[in-house]
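# Structural features, examined
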Amino acid sequence: MAYQALYRVWRSQRFDDVVGQKAVTQTLKNAVLQNQISHAYLFTGPRGTGKTSAAKIFAKAINCPNSHDGEPCNECEMCKAITAGAQEDVIEIDAASNNGVDEIRFITDRAKYSPTQAKYKVYIIDEVHMLSTGAFNALLKTLEEPQESLVFILATTEPHKIPATIISRTQRFDFKRIDTKDIAEHLAYICDRIDVPYEAQALTVIAQAAEGGMRDALSMLDQAISFAEGTITMKDVMAVTGSLTYEMMDRFMGDCFAQDATAALEALDEILASGKEARRLLENLLVYCRDLLLYQKAPNLLAEKSGYLTAAFKDLAGKIPSAQLFNWIKLLNETQNEIRFTNSPTIYLEVATVKLAGPPPAPIAAVGSTDSGPATAADNQLVLELQHQVRQLAEELQQLKQGGTAAGTNGSGGHNSHHSSKDKAAATNSKYRLPKDKVYKVLEQATKDDVVKVRNVWGDLLMMFNALRKGLLVNTQIKAAGPRGLVLSFESEMVCQKASEDEELALMISNNLSRLIDGYAPDTVFIPESAWLELRQGFLNQSGSQNSSEHTEQSAVSQAAGFGEQTAAVPQEASVAFKAPENWADSGLMDGLTDPSAAAPEDRLVTKADELFGDLTTVIDD
Ligand SMILES: [Zn+2]
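Residues numbered from 1 in each chain as written. Predicted model: local features only at pLDDT ≥ 70, side-chain atom pairs only at ≥ 80, totals over all residues. Heavy atoms only, no water.

Moving on, we come to the overall build of the protein. When its secondary structure is counted, the protein shows 32 helices and 8 strands. Residues counted as buried form 46% of the 622 residues belonging to the protein. The long-range share in the protein, meaning contacts at least 24 apart out of those at least 6 apart in sequence, stands at 74%. About 30,700 Å² of surface is accessible on the protein, with carbon and sulfur atoms providing 52% of the total. (Helix = DSSP H or I, 4+ residues; strand = E, 2+ residues; numbered from the N terminus. Buried < 20%, exposed > 50% of the residue type's maximum accessible area, 1.4 Å probe, protein only. Contact = heavy atoms within 4.5 Å. Areas by Shrake-Rupley, 256 points an atom, 1.4 Å probe, with all protein chains shown as cover.)

Set out below in structure tokens:
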């Protein structure tokens, strides 16, 4: 017989079996009893806390002809079919893989028809926060016109990503993290039923490691059972649970120490994607750093205490100077304070990651220290600075070679983005250096849609920053935007310099944007307003020379650039208010702008410029 995971076999089939969510299940039972069924429910809570189980039980309870005391009978045809996922009127959708408008349209179109067999047609949409904006809108339309026999149950671990318009049309239930004691008891209950002996303490350790999620607890129990020979002991459990968390943190901390911010952010992303909650992770990281310190000072003590230390951990403990560890602990502590009241702890964690992976602070004259660490740190700093200087010289040389006009190949290209965080750190003590390659990269993919998209939420975005950062961003313009990048210009070069010295700013813009525009997280490039025209011209020249085989396009591009100069001279207020200056009409350009379908050659230029630079297009649209 094929092995079935414990969490499948032991999935709750009745409200009373759902562990640790008494308040929620009681309310749902009462609703069934009193036949007060809402049209839409929102189940929120950390993963593995029983949201989808409760949704399925609810679908059964409202459709079961023998429902008793608000519970389904689990024995009739209807109950059995729903349990097996074979009842066509109860539809489960994973929004993580079906998040587009078309998928949701397909569902909402079919929702118009009455259920065929069941009393209620029930849609259970899991991970609903993953839906695209368009899909949310389509869903909203359906929720706005509720039908008698139609019930939506939306489940999510991240309710803050769901539009308020949707939330306001649902009845919301918050699933709590399950108490360690409740989880341990449930594990003991299952072990008794399947005749697996255990040490009580071992189950408690699993329950702690599961951090409130029953599904994780059962997965770990599964592993511990296969790992153990006979009785499940403390040692088995440490091997299973310890390796999960420790190995992920080994990697993360290793990347930070190597000052590889990209890798560290990727590791962080994976840890969070695996279901680790940001606040918990922060706690674990603090303990990890403390353990590194303890291990440096008293290795035996720690080995006894935690019982499980990876080779990578020991290796890190040997390499990381204690001064740096103190610094990391301080940073993690500060972050812990910052995230206490925020809805988006992940942002802070990402910012902290970039800081952790940054160069360590200059050693404070480590007098008499035998630690080789600070010297290494200083070496790293020096290497970074030298790298930076070499890159700068190489770029200047290239510009000289090409006479400064045609920008030619973009030297460091893809390599650049990989080291961007280090660049930023190293660039702080020089005059503002134009990130030309990065700007070009954005321009290559820039679209008018992306610019409009960003402009529409810019006001909301500013509200997400503190006063200091808001001040930096207030006199800026979105010059171009593409799927992966954004060019932001600052009125003053000094402010631009300041903004680029703020290591977190670009990251925060990206993160906050992704919260306002479903999953859109562009890399932001900062430039002074005064540099824009030249950058733009350079890019047009470059793309013109690359397209030399297509004569028409080339001339269109270069002429479009000329046109661009003209419009860019229009003050931002005017272009936002869409008051075209008079000289446009005189030059005949307004004709092309107001009627893009007319196929005069100039119009094609406008269209081309349109495709390249979103900044013209708002003028046309309104
Ligand atoms: Zn039934």
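Moving on to the coordination of the zinc ion. The zinc ion binds to the protein through Cys64 (SG), Cys73 (SG), Cys76 (SG) and Cys79 (SG); the donor distances cover 2.2 to 2.4 Å. Relative to the metal, the 4 donor atoms surrounding the zinc ion lie at angles of 101 to 121 degrees, and the coordination shape comes out tetrahedral. Look at where the donors of the zinc ion fall in the sequence and you get C-x8-C-x2-C-x2-C. (Donors = N, O, S within 2.8 Å, 3.2 Å for Na, K, Ca; no water. Tetrahedral: all angles 85-135°; square planar, octahedral: opposite > 155°, others 65-115°.)

A rise of 1.5 Å per residue sets the reference length of helix 17 (residues 345-356), with its 12 residues, at 16 Å; its end C-alpha atoms lie 16 Å apart and thus fit the reference within 8%. For helix 17, the tally of buried residues reaches 9 of 12 residues, placing the bulk of the element in the interior. Looking only at helix 17, the buried set comprises Pro345, Ile347, Leu349, Glu350, Val351, Ala352, Thr353, Val354 and Leu356. (Expected span 1.5 Å × (residues − 1).)

Within the fold, isoleucine 93 resides in strand 2 (residues 90-94). Classification of isoleucine 93 by relative accessible area gives buried; the value is 10%. Note: C-alpha distance between isoleucine 93 and isoleucine 125 (32 residues apart in sequence) is 4.8 Å. In contact with isoleucine 93, other than residues within four places in its own chain, are Asn98, Ile107, Tyr123, Ile124, Ile125 and Asp126.

Right, let's get into the confidence of the model for the protein. In this model, the protein carries an average pLDDT of 78, and 74% of its residues clear a pLDDT of 70 or more. Ignoring residues within four places in sequence, the model shows residues 404-430, a span with pLDDT below 50, making 47 contacts including any to other chains. The model gives residues 547-622 a pLDDT under 50, and that stretch makes 85 contacts with residues more than four places away or in other chains. (pLDDT = per-residue confidence, 0-100.)

Glancing now at the nonpolar core. Within the largest apolar cluster, 31 residues are counted, with the highest numbers of intra-cluster contacts made by Phe252, Met253, Leu281, Leu292, Trp328 and Leu332. Within the residue set of this core, elements represented by two or more residues are helix 11 (234-257), helix 12 (261-273), helix 13 (278-297), helix 15 (311-319), helix 16 (322-338) and helix 17. For this core, the element with the highest residue contribution is helix 13, accounting for 10 residues. The residues contacting leucine 292, other than those within four sequence positions of it, are Phe313, Leu316, Ala317, Ile320 and Leu325. In this structure, Val32, Tyr41, Phe58 and Phe173 belong to the second largest nonpolar core, which totals 30 residues. (Core = buried A, V, L, I, M, F, W, Y, C linked by side-chain atoms within 4.5 Å.)

Counting across every chain of the model gives 18 salt bridges. When the shortest N-O distance is used, the salt bridge between aspartate 109 and lysine 112 registers 3.4 Å. A salt bridge links glutamate 334 to lysine 330; its shortest N-O distance comes to 3.7 Å. Within this pair, glutamate 334 and its partner lysine 330 are both found in helix 16, separated by 4 residues, close to a single helical turn. Of the residues examined, lysine 330 reaches a relative accessible area of 52% and is grouped as exposed. (Salt bridge = Lys/Arg side-chain N within 4 Å of Asp/Glu carboxyl O.)

The subject of this paragraph is the packing of aromatic side chains. Under the counting rule described, the total for this entry stands at 11 aromatic pairs. With 6.2 Å between their ring centres and 80 degrees between their planes, tryptophan 10 and tyrosine 189 make a pair best called edge-to-face. In this pair, tryptophan 10 sits in the loop between helix 1 (6-9) and helix 2 (22-33) while tyrosine 189 sits in helix 8 (residues 180-193), placing the two residues 179 residues apart along the sequence. Aromatic rings pair up to connect Tyr41, Phe43, Phe58, Phe173 and Phe175 into one cluster. Cation over ring: lysine 453 sits above tyrosine 520, and NZ or CZ is 4.3 Å from the ring centre. (Phe/Tyr/Trp six-rings, centres within 6.5 Å; stacked < 30°, edge-to-face > 60°. Lys NZ or Arg CZ within 6 Å of the ring centre and 35° of its normal.)

Let's shift gears to the sheet that holds strand 7 (residues 485-490). Each strand in a sheet pairs with another by means of backbone hydrogen bonds, the pair being arranged parallel or else antiparallel. Taken together, 3 strands build an open sheet; the order of strands is 6-7-8 and the sheet is mixed. Every other strand in the sheet has two partners, leaving strand 6 (476-481) and strand 8 (523-528) as the edge strands with one partner each. Within the sheet, the average angular offset between the axes of one strand and its neighbour, ignoring direction, is 30 degrees. Both strand 6 and strand 7 contribute to a ladder of 5 bridges, which runs antiparallel. Following the sheet pairing, alanine 480 is matched in strand 7 by valine 487. Running over the sheet, helix 22 (residues 448-463) touches strand 6 and strand 7 and is turned about 150 degrees from strand 6. (Pairing = 2+ DSSP bridges. Axes fitted to C-alpha atoms, helices over the stretch in contact; angles between N-to-C directions.)

Another point: helix 13. Look at helix 13: 29 Å from first C-alpha to last across 20 residues, which is about the 28 Å you get at 1.5 Å a residue. Regarding helix 13, the residues found buried are Ala278, Leu281, Leu282, Asn284, Leu285, Leu286, Tyr288, Cys289, Asp291, Leu292, Leu293 and Tyr295.

Attention shifts here to the side chain of lysine 121. One can find lysine 121 in strand 3 (residues 121-126). Here lysine 121 sits buried without a salt bridge, and the closest side chain of opposite charge, aspartate 89, lies 5.0 Å off (N-O distance). Contacts of lysine 121, omitting those with residues within four sequence positions, involve Asp89, Ile91, Arg110, Ala111, Tyr113, Ser114, Pro115, Ser149, Leu150 and Val151. (Lys, Arg positive; Asp, Glu negative; His and termini not counted.)

Turning our eyes to something else, we now look at unusual backbone geometry. Backbone geometry places glutamate 127, a non-glycine residue, at a positive phi of 50 degrees. The residue glutamate 127 is located in the loop between strand 3 and helix 6 (133-144) in this model. Since its relative accessible area comes to 25%, glutamate 127 is described here as partly exposed. The backbone of glutamine 259 shows a phi angle near 55 degrees, a positive value even though the residue is not glycine. Summarising the element assignment, glutamine 259 is placed in the loop between helix 11 and helix 12.

Here we take up the sheet that holds strand 1 (residues 40-44). Strand order in this open sheet of 5 strands is 2-3-4-1-5, and the pairing throughout is parallel. Strands at the two margins of the open sheet, each flanked by one partner only, are strand 2 and strand 5 (171-174). Recorded for the sheet is a direction-independent mean angle of 15 degrees between the axes of neighbouring strands. The pairing of strand 3 with strand 4 (residues 150-156) spans 5 bridges and is parallel. From the neighbouring strand, isoleucine 125 faces strand 4, where its bridge partner is leucine 154. This element, helix 2, spans strand 1 and strand 5 of the sheet and lies at about 145 degrees to strand 5. The strands touched by helix 6 within the sheet are strand 1, strand 3 and strand 4, with strand 4 carrying the most contacts at an inclination of about 140 degrees.

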